[in-house]
Amino acid sequence: MKRIFGFILLLASVFIFTGQLSAQSGTDTLPPVIDYTKALDYEIGGVKVTGATFSDPGAIISIAGFRVGDRIRIPGGEIPRALKALWKLSLFTDVQIYKEKTIGDVIFLEIAVVERPRLTTHSYKGVKKGSHDDLNEEVNKYLIKGGIVTESVKASAAFGIKKYFIDKGFYDVEVKVEEVPDSSRVNSVQLVFNVDRGTKIKIGDITFKGNTNIKDRKLRGLMKETRRKKRIFAGSKLIRTEYEGDKKKIIEHYNKNGFRDARIVSDSIWREAGKKGKKGDLLIHITLNEGNRYYFRNIVWKGNSIYTTKDLDNILGIKKGDVYNSELLETRLRFSQDGRDVSSLYMDNGYLFFNVDPIEVAVASDSIDLQLRIFEGPQATIDKVIIKGNDRTHEHVVRRELFTVPGEKFSRSDIIRSQRQIINLGYFNPENLGINTPVNPQRGTVDIEYTLEEKPSDQLELSAGWGGRGRGVIGTLGVSFNNFSARNIFHRETWSPLPQGDGQRLSLRAQTNGRFYQSYNISFTEPWLGGKKPNSLTVAGFMSVLSNGYNRSSEFYGKLTNGGVTVSLGTRLKVPDDNFISSTALNLQVISLKNYVFSSRGLFRTDDGETVSEGNFRNFSITQTFARTTINNPIFPDEGSRVQLSVQLTPPYSLFSNKDYSDLPPSERFKYLEYHKWKINAEWYQTLVGKLVIKAEAKFGFLCTYNKDIGIAPFERFQLGGDGLNNQQFGYFTGTEIISSRGYQPGEYENNQWKGNPSDINATPLYQKVTLELRYPLSLNPSSTIYVHTFAQASNAWRSARDYNPFDLKRSVGAGLRVFLPMFGVLGFDYGIGFDKTGTSGKISDLARFNIVLGFEPE
């Protein structure tokens, strides 16, 4: 028994000794443990940081508040404060502070951190690729590549994604964020956003309470951005910012109708009950307090000495008893779009410091008395006119277009007119045209600063097309330098890449397919001849040769040659106003025909049907044009008009001759062409709502003769139909004005047909065309202006004035697209459906026509 007890005691001693060794060995690998039973003071001998790969160890030590040589009490407040400061950084998932060792009362500390992972990339699941770019704009507000991934960052990015889809009507969207370790980098992760959009939640209904004077339907119609799903072809979703804007529109509408105290008492938004316990569409309920309807009663002017009360009342246009409309009142007092306001009246006379303050002096049960207090101030004089941003265009080209001149009285209408003139130059971006008017009240002067942005204005035409069987490929090369400088041609240092900046226009164009057809055009315009007044000079020349391709020695050889020059002088008129332009042109043209019986577009014929195929014909004429234009943008006008009347006259040669023209052949009768030609063109543009613009246009042309025995000339007539372009698509035709008519080809007008043959086209001396268009811009960027349009058009041609009937028109409707590129001009197409065609099956394929527009807008 004693032996057994001794053996047990010996074994226990061995275990105890072994445990002591193990404990001693373990303390060599684990950080020392501080005894917290009593507090001791130490001097910090050193601090090291472990686990910091991306963070700066020195910054960590500094934020922890440890400095070598400082005294620290353990346990005490320094260690907890250091841990709290490091945790507050949100850079680490774990922070520990260890005692590395102690030497006497000197302690060495170790700060062990585990850094949060860094972001390498992110991706989406459950989302179409088309939405990735938009989502990236949202999440990139919170995510930084290489940045720290925290719970807050993930929650913010998920919230951004939710907000994006909620704005699109997906109110039940769910976003889960998944961290995926990135094995390619140390301590890095990829974020995957799992998106479940759910179904789109629309607005089921919008109801109102308290509206007795304006119906629910009208109020819902005012909410353009917050619409019920019951509206056809209209999106339905709730966007908070737009909803608040729509509520303001309701109140504005009430204010316009005299309800100045109208307000929204409350509004509620909730989800209706859906199927299977799910939430359904949104319901909106708005409670209104309309208040009383008010009327204008007594309106009194105070402080006016320049203009009489009667003059101001006429401009204001508001009478006693009219429904109170604060918006109309403000418009008539300041900055009306049509210039009918009191402010414009004063400012156009130099009173820049003018101000008017409407004061409600009495409010009765349903009437309001107003006192309009005027401060007229002194007249302001223009001191400096500053032009900035004209990098390529010389300053004098811009300055000569301005109506604001230093030393003259300030005029707001002159600034508006100057702005329009600058835009119509076509050299500057109208969207970025800025006008500043810094005022010097002490001197009573104002500076006017025009800030411009140059845009490309030159155009290049380079094309090739198939001219039909036997004619081959037709090549076209044309250039238009719309801001040319002739005086700098011999100064190479001014070329960029060509001499430019003087506002002159140089155009060169050549078109040919070899032996069948050749055409050459050149023109030069100086818009300010002499440099002091807006007198323009244009010199142009052209030459066209058309043949049937036979050898010159062949008896079947046929040819048409058409060449001429034009010299034109134009000037800006002052009467009736300075929007009028007069232009006078001298035209010299020679048309030579030899066996001309081969045109695919139509032959030259007299009134009695005799074909004109031989002879030399001289056309010397004077063209006088009067035009008035107030359009605000030559590329995409949204307001203004353009009216043009022109008459082209030749000398009445037959009045000075005793010849009997009734018996002469066409080659002799028309050897010297005599006619008078009248054309009227009127266009009108107006913005309907937003960017939607309406265009109305009417055109009329009439060719007459002096002598009935000679008849109407076979040249200078009108050819109605097609796209209006004199190109290879419809064969070659010279000596005739081609007028576009969308939805109809030339042969589809009965009066164009010779003896009822649609393939034998005859030009007419009389035509009429009216057009109505709705235009909407997709892009107003000057580098590529794009707009779509729908149109309704009616037109017809007649062989004589006796047959003319302004109501006998061929109708068509359709749609199209226009793209304006500064280097290439206008590109686009029209798809028109003509309703009044004869001899068709009535199918859309027979009624519709597709037209291409290249280089310029056709007539």
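Please read these numbers as outputs of a predicted model, since none were measured by experiment.

**Some words on the overall build of the protein**
Along its length, the protein carries 14 helices and 37 strands. When burial is assessed residue by residue, the protein has 43% of its 859 residues classed as buried. Accessible surface, the protein as shown: approximately 45,500 Å² in total, 55% of it carbon and sulfur.

**Quick notes on the confidence of the model for the protein**
Per-chain confidence: the protein averages 85 in pLDDT, with 89% of residues scoring 70 or above. Across residues 1-29, where pLDDT falls below 50, the model places zero contacts with residues more than four positions away in sequence or in other chains. Every residue in residues 726-733 is under pLDDT 50, and counting partners more than four places away or in other chains gives 28 contacts.

**Some words on the pattern of salt bridges**
Where charged atoms from two side chains of opposite charge approach closely, those side chains can pair. Following the criterion strictly, the structure yields 40 salt bridges and no others. Linking Arg334 and Glu330 is a salt bridge whose minimum nitrogen-to-oxygen distance equals 2.6 Å. Taking the shortest distance from any N to any O, the salt bridge between Arg669 and Glu610 comes out at 3.6 Å. Taken together, the positions of Arg669 in helix α13 (residues 666-669) and Glu610 in the loop between β24 (580-594) and β25 (615-629) put the pair 59 residues apart, joining distant regions of the chain.

**Considerations on a nonpolar patch on the surface**
Nonpolar side chains collect at one region of the surface, where Val539, Val565, Val567, Leu586, Leu588, Phe620 and Ile622 lie side by side and expose about 540 Å² of accessible area between them. Following the sequence through the fold, Leu588 ends up in strand β24.

**A closer look at the packing of helix α2 (residues 57-64) against helix α3 (residues 78-88)**
Packing of α2 against α3 brings their axes to within 8 Å, and their N-to-C directions diverge by 130 degrees. By the criterion of interaxial angle, the relationship of α2 to α3 is oblique. Each of Ile60, Ile63 and Ala64 in α2 lies in contact with α3, whose residues at this interface are Ala82, Ala85 and Leu86. Residues belonging to the contact of α2 with α3 are distributed by class as follows: six nonpolar, no polar and no charged.

Calculation rules
- For every chain, the first residue of its written sequence is number 1, and the numbers climb from 1 along that sequence.
- At least 70 in pLDDT is required for a residue's local features to be given in this predicted model, at least 80 for side-chain atom pairs to be given and counted, and no such filter applies to totals for whole chains, interfaces and linings, which use all residues.
- To obtain the side-chain values, all non-hydrogen atoms of the structure were used and water was disregarded.
- Secondary structure elements are defined from DSSP: runs of H or I of at least 4 residues count as helices, runs of E of at least 2 residues count as strands, and each element is numbered from the N terminus.
- Here the term buried applies to any residue with accessible area under 20% of the maximum for its type, exposed to any over 50%, and partly exposed to those in between, with areas from a 1.4 Å probe on protein chains only.
- Calculation of accessible area relied on Shrake-Rupley with a 1.4 Å probe; when residues are assessed, cover is drawn exclusively from the protein chains displayed.
- The predictor reports its confidence for every residue as pLDDT, a score running from 0 up to 100.
- The criterion used for residue contact is that any of the two residues' heavy atoms lie within 4.5 Å.
- Salt-bridge detection follows one rule: a side-chain nitrogen of Lys or Arg within 4 Å of a carboxyl oxygen of Asp or Glu.
- The patch calculation keeps residues exceeding 30% relative accessible area without a salt bridge and links them within 9 Å when they carry like charges or within 5 Å when they are nonpolar (Val, Leu, Ile, Met, Phe, Trp, Tyr).
- Working convention: axes come from line fits to C-alpha atoms, limited for helices to the stretch in contact. Angles between N-to-C directions cover 0 to 180 degrees.
- If an angle is under 35 degrees, it is roughly parallel; if it is over 145, roughly antiparallel; if it lies from 65 to 115, roughly perpendicular; otherwise it is oblique.
- Residues are grouped as follows: Ala, Val, Leu, Ile, Met, Phe, Trp, Tyr, Cys and Pro are nonpolar; Asp, Glu, Lys and Arg are charged; every other residue, Gly included, is polar.

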